[in-house]
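Given next are the chains, with one letter for each unit.
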Amino acid sequence: MRPRYFWTTSLVGALVFAAAAALLFPYGPLQIDTTAGREQAWLLTLWTAGVMAICFGASGLLASFAPLGFRDVADAGSVRAAVEARQEERSRQGSNTFYNFAGWTVSMGFWLVIVYFIGWITLGL
C-alpha cells in the first residue's frame, strides 16, 4: 500500500468515525440531555475507540514477530524448513510490515486520539 494513500485513508476513517459518533450516539436512550453531557460522551467515545484501535492494531503488528509455533514446524517438516519458510515469507512481504491493516488500525487510533485532544481543547472541557 502506498504511504500517502495509507495515511489519507486512516485520517478520513477517523474523521468519518468521529462524525458518526457525534451523530449516531444514542443520547436519548442514555438520558444525556445537556450539551456538556453530549460533548463529554462524544469525547469519551473518541478516546475509547482510539485507544482500543491502537491496542488492537498493535497486537496485530506484534503477531508478525511471533516465534515459530508447533504447527509451523509440523507443517514444514523440520525446524530448519520452518525457519526458512518464515524468512521467505517475510522477504516476499517486503521490509516494511507497517503498511497493512494492523498498521492502518494503529494509525487510525492515533488520529482518533488527536481528534479527541482537538475537540477537548476546542470545547474547553
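Residues numbered from 1 in each chain as written. Predicted model: local features only at pLDDT ≥ 70, side-chain atom pairs only at ≥ 80, totals over all residues. Heavy atoms only, no water.

Colleague: Which parts of the structure should I look at to understand the overall build of the chain?
Modeller: Summing up its helical and strand segments, the chain has five helices and zero strands in all. What you see in the chain, going N to C, is helices and strands ordered as α-α-α-α-α. Here the C-alpha radius of gyration of the chain, 20 Å, is well above what a compact globule of 125 residues would show, namely 14 Å. Taken along the three principal axes of its C-alpha coordinates, the chain extends 65 × 30 × 20 Å. (Helix = DSSP H or I, 4+ residues; strand = E, 2+ residues; numbered from the N terminus. Rg over C-alpha atoms; globule rule 2.2 N^0.38 Å.)

Colleague: Where do I start with unusual backbone geometry in this structure?
Modeller: Backbone geometry follows two general trends: most residues other than glycine have a negative phi, and most peptide bonds adopt the trans configuration. Despite not being glycine, Gln31 shows a phi value in the positive range, around 55 degrees. Along the polypeptide, Gln31 turns up in the loop between helix H1 (3-24) and helix H2 (35-63). Classification of Gln31 as exposed rests on a relative accessible area of 66%. (Buried < 20%, exposed > 50% of the residue type's maximum accessible area, 1.4 Å probe, protein only.)

Colleague: Even after reading the chapter, I still don't get the pattern of salt bridges, so can you show me in this structure?
Modeller: Side chains bearing opposite charge may pair, as long as their charged atoms lie close to each other. The full count for this structure, using the stated rule, is one salt bridge. One salt bridge connects Arg86 with Asp72, and the closest N-O pair in it is separated by 3.1 Å. In this pair, Arg86 sits in helix H4 (residues 79-93) while Asp72 sits in helix H3 (residues 70-76), placing the two residues 14 residues apart along the sequence. For Asp72, a relative accessible area of 30% puts it in the partly exposed group. (Salt bridge = Lys/Arg side-chain N within 4 Å of Asp/Glu carboxyl O.)

Colleague: What is the right way to look at the packing of aromatic side chains in this model?
Modeller: In this description, a pair of aromatic rings is defined by centroid distance and the angle of the planes. Under the definition given, this model contains 11 aromatic pairs. Each ring, one from Tyr116 and one from Phe117, has its centre 5.1 Å from the other, and the planes form 70 degrees; the classification is edge-to-face. By way of ring pairs, the aromatic residues Phe6, Trp7, Phe98 and Tyr99 are connected into one cluster. (Phe/Tyr/Trp six-rings, centres within 6.5 Å; stacked < 30°, edge-to-face > 60°.)

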